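Results of the structural survey
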2 protein chains.
Amino acid sequence: MTYCVALKVENGLVLTSDSRTNAGVDHIASFRKLHVLEVPGERVIFLQSAGNLATTQSVITLLQTTIRNAERHALNVPTMFDVAELVGKTIREVIKRDQGQSQGVDFSCSMLVSGQIKGEPHRLFNVYSQGNFIEAGEDTPYFQVGESKYGKPILDRIINFNTPLDRAMLCSLISMDSTLRSNLSVGMPLDLVCYHTGGMKNPGLIRLQEDDKMFHQVRLAWSEGIKELFDNLPLLTRDVCQPVEEA
Amino acid sequence: MTYCVALKVENGLVLTSDSRTNAGVDHIASFRKLHVLEVPGERVIFLQSAGNLATTQSVITLLQTTIRNAERHALNVPTMFDVAELVGKTIREVIKRDQGQSQGVDFSCSMLVSGQIKGEPHRLFNVYSQGNFIEAGEDTPYFQVGESKYGKPILDRIINFNTPLDRAMLCSLISMDSTLRSNLSVGMPLDLVCYHTGGMKNPGLIRLQEDDKMFHQVRLAWSEGIKELFDNLPLLTRDVCQPVEEA
């Protein structure tokens, strides 16, 4: 499996992806799931992928190839909406190509497409396996793909459109931590991007390895804080755990 | 959907179930998912169910009916293992009965079977739709069925076999809160049971309604505590959110 989360807040985008892939528990590998396309100064596009690795790798490669040999591609269409449409179209083509002899294999995937093209604000889309897509707005400022449920409660409690970028990054690391702890199919290293709106270029991917000191500190502070918070919660005001009297 | 969680700690059992069922978002209802069978002083058996409501209602009813008309039933088999086996057998029978004309319907269910029979410690089983089952031990002192992922991280962080019963109850309420917030298909009221080992009878189901003051206090204290904990987390030690310099 996979866990990718993308937050679109007022001042930019915060993207976090794990890198574990598995075809059964005895076939685990590490693959990058966060990719960047850019024309520095004019546009930057981030792609985060979950689902069938053969599908998502093909989609990414075809999107890159069309930049060289197609008339219309991710680096020349006028809006992020058009980019999302291109990604959806490519997903449909790849799945159609592969599913002829499906033999029960699930070829589906989903992709988070985000970034900014000059003349537009930064935008974030969730492109489904069917090629259709939705866009994040102020009311729902984040999308997740893959093993999304473990890490959702903390996002629901903390994130809104006005969260500052550095706090949004911290929250997405905690969301990732909760997922890593509860699901073995999500694993280190992590890839992070923090994009300030208006940057119009790749701000640089940050890779957090297993032994990363900063991430370790965040995990520890959160884990100990949660335990302390729990220990200091007041007792239940009604005694729901009264021992039954001996007969 | 549903969320049921059962914790087996040293001193007893803590069981929590929501009561929402849905067949599509416009067909939502409330049904009890926590049932008790007992011979006070000799045995008490708790059943928590998730999955197809027609299946689980049939299973519960058949288990109750066999008490009156079968030679071997939940209230006379010698061990909790035998009870789990009976539940598994009943699930298989019901699904076999219904799936003849499945028309794409999912008849599956899963059940948490817990309790105590004189001569044994308290035990907890997770019975699958196929009728097979596993038992909780000291290493994994809890099972969940239904929408389990949202509420798993807090259990993984807090619960172990030595957690006192009242703290285990508090933790399961927080696990339920995280699930209620993130998933509309899980809903109030909640049914709780706190069973002290050796009690050998139904300690009484506690029903928490939507307006329950105690649960509201727990939710509020946790929600505010999490926000405060997050706000007081130290800044990331590496600046991963540096703005890109203007060209």
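Please refer to the structure placed before this passage.
Scope of this entry: the structure provided in the associated data block. (Residues numbered from 1 in each chain as written. Chains lettered and ligands numbered in written order. Predicted model: local features only at pLDDT ≥ 70, side-chain atom pairs only at ≥ 80, totals over all residues. Heavy atoms only, no water.)

All names here are of chain B. Its place among the elements puts threonine 163 in the loop between helix H3 (152–158) and helix H4 (165–182). Within polar-contact distance, the side chain of threonine 163 engages the backbone oxygen of asparagine 160 at 2.9 Å. Beyond its immediate chain neighbours, meaning those up to four positions away, threonine 163 contacts Val9, Ile158 and Ala168. (Helix = DSSP H or I, 4+ residues; strand = E, 2+ residues; numbered from the N terminus. Polar contact = N/O pair within 3.5 Å; in protein donor to acceptor, adjacent residues only side chain to side chain. Contact = heavy atoms within 4.5 Å.)

To continue, consider the interface of chain B and chain A. On the side of chain A, 52 residues touch chain B, which itself brings 52 residues to the contact. Between chain B and chain A, the buried area comes to about 5100 Å², and carbon and sulfur atoms account for 69% of it. Considering only the side of chain B, the residues that lose the most area to chain A are Lys149, Arg157 and Phe230 of chain B, jointly responsible for 16% of the buried surface there. On the surface where chain B and chain A come into contact, there are 4 salt bridges. The shortest N-O distance in the salt bridge between lysine 149 of chain A and glutamate 147 of chain B comes to 2.9 Å. Here chain B is connected to chain A by 16 residue pairs in polar contact (both at pLDDT 80 or more). Put simply, the parts of the chain that give the side of chain B that touches chain A at least two residues each are H3, H4, strand E11 (190–196), strand E12 (206–208) and helix H5 (213–231) of chain B. Residue composition of the side of chain B that touches chain A, grouped by class: 29 nonpolar, 9 polar and 14 charged. (Buried area = accessible area lost by both parts, 1.4 Å probe. Salt bridge = Lys/Arg side-chain N within 4 Å of Asp/Glu carboxyl O. Nonpolar A, V, L, I, M, F, W, Y, C, P; charged D, E, K, R; others polar.)

This part takes up the relation of the copies chain B and chain A. It takes a turn of 180 degrees to lay chain B on chain A, together with a shift of 0.0 Å along the axis; the resulting RMSD is 0.0 Å. Expressed as a symmetry operation, the mapping of one chain copy onto the other fits a two-fold axis. For chain B, the residue whose C-alpha comes nearest the rotation axis is tyrosine 150 of chain B, separated from it by 2.4 Å. Comparing interface residues between copies, 100% of those in chain B also lie at the interface in chain A; the contact surface is shared. (Least-squares fit on C-alpha atoms with pLDDT ≥ 70 in both.)

Attention now goes to the pattern of salt bridges. By the definition in use, this model includes 28 salt bridges over all chains. Notably, a salt bridge pairs lysine 89 of chain A with glutamate 93 of chain A, separated by 3.5 Å at the nearest N-O pair. One end of the pair is lysine 89 of chain A and the other is glutamate 93 of chain A, both in helix H2 (residues 80–98) and 4 residues apart, which spans about a single turn. Classification of glutamate 93 of chain A by relative accessible area gives partly exposed; the value is 42%. Linking arginine 72 of chain B and aspartate 82 of chain B is a salt bridge whose minimum nitrogen-to-oxygen distance equals 3.6 Å. Taken together, the residues arginine 72 of chain B in the loop between helix H1 (53–69) and helix H2 (80–98) and aspartate 82 of chain B in helix H2 connect sequence positions 10 residues apart. It is possible to trace a salt-bridge network through shared partners that takes in Arg157 of chain A together with Asp177, Arg181 and Arg219 of chain B. (Buried < 20%, exposed > 50% of the residue type's maximum accessible area, 1.4 Å probe, protein only.)

Turning our eyes to something else, we now look at the pairing of strand E7 (residues 109–117) of chain B. Residue and element names in this part refer to chain B. Among the 9 residues of E7, 9 are classified as buried, and the element is accordingly described as predominantly covered. Burial along E7 is two-sided: Cys109, Met111, Val113, Gly115 and Ile117 and Ser110, Leu112, Ser114 and Gln116, pointing in opposite directions, are all buried. Bridging between strand E6 (residues 43–51) and E7 involves 9 bridges; their strand directions are antiparallel. Counterpart to serine 49 in the pairing with E7 is methionine 111. Across 5 bridges, E7 lies against strand E8 (residues 123–127) in antiparallel orientation. Pairing of leucine 112 across the sheet is with asparagine 126, part of E8. Turn length for the E7-E8 hairpin, with the two strands adjacent in sequence and antiparallel, is 5 residues, and the turn residue glycine 119 shows positive phi of about 100 degrees. (Pairing = 2+ DSSP bridges.)

Another point: the sheet that holds E11 of chain B. Residues and elements named next belong to chain B. Across the sheet, which stays open at both edges, the 5 strands sit in the order E10-E1-E2-E11-E12 with antiparallel pairing between neighbours. The two strands at the open ends of the sheet, each matched to only one other strand, are strand E10 (142–146) and E12. Neighbour to neighbour, the strand axes of the sheet diverge by 15 degrees on average, direction disregarded. Where strand E1 (residues 3–9) meets E10, 5 bridges bridge the pair, whose relative direction is antiparallel. Bridge pairing in E10 links alanine 6 to phenylalanine 143. (Axes fitted to C-alpha atoms, helices over the stretch in contact; angles between N-to-C directions.)

On their own, these measurements won't tell you what the molecule is for.
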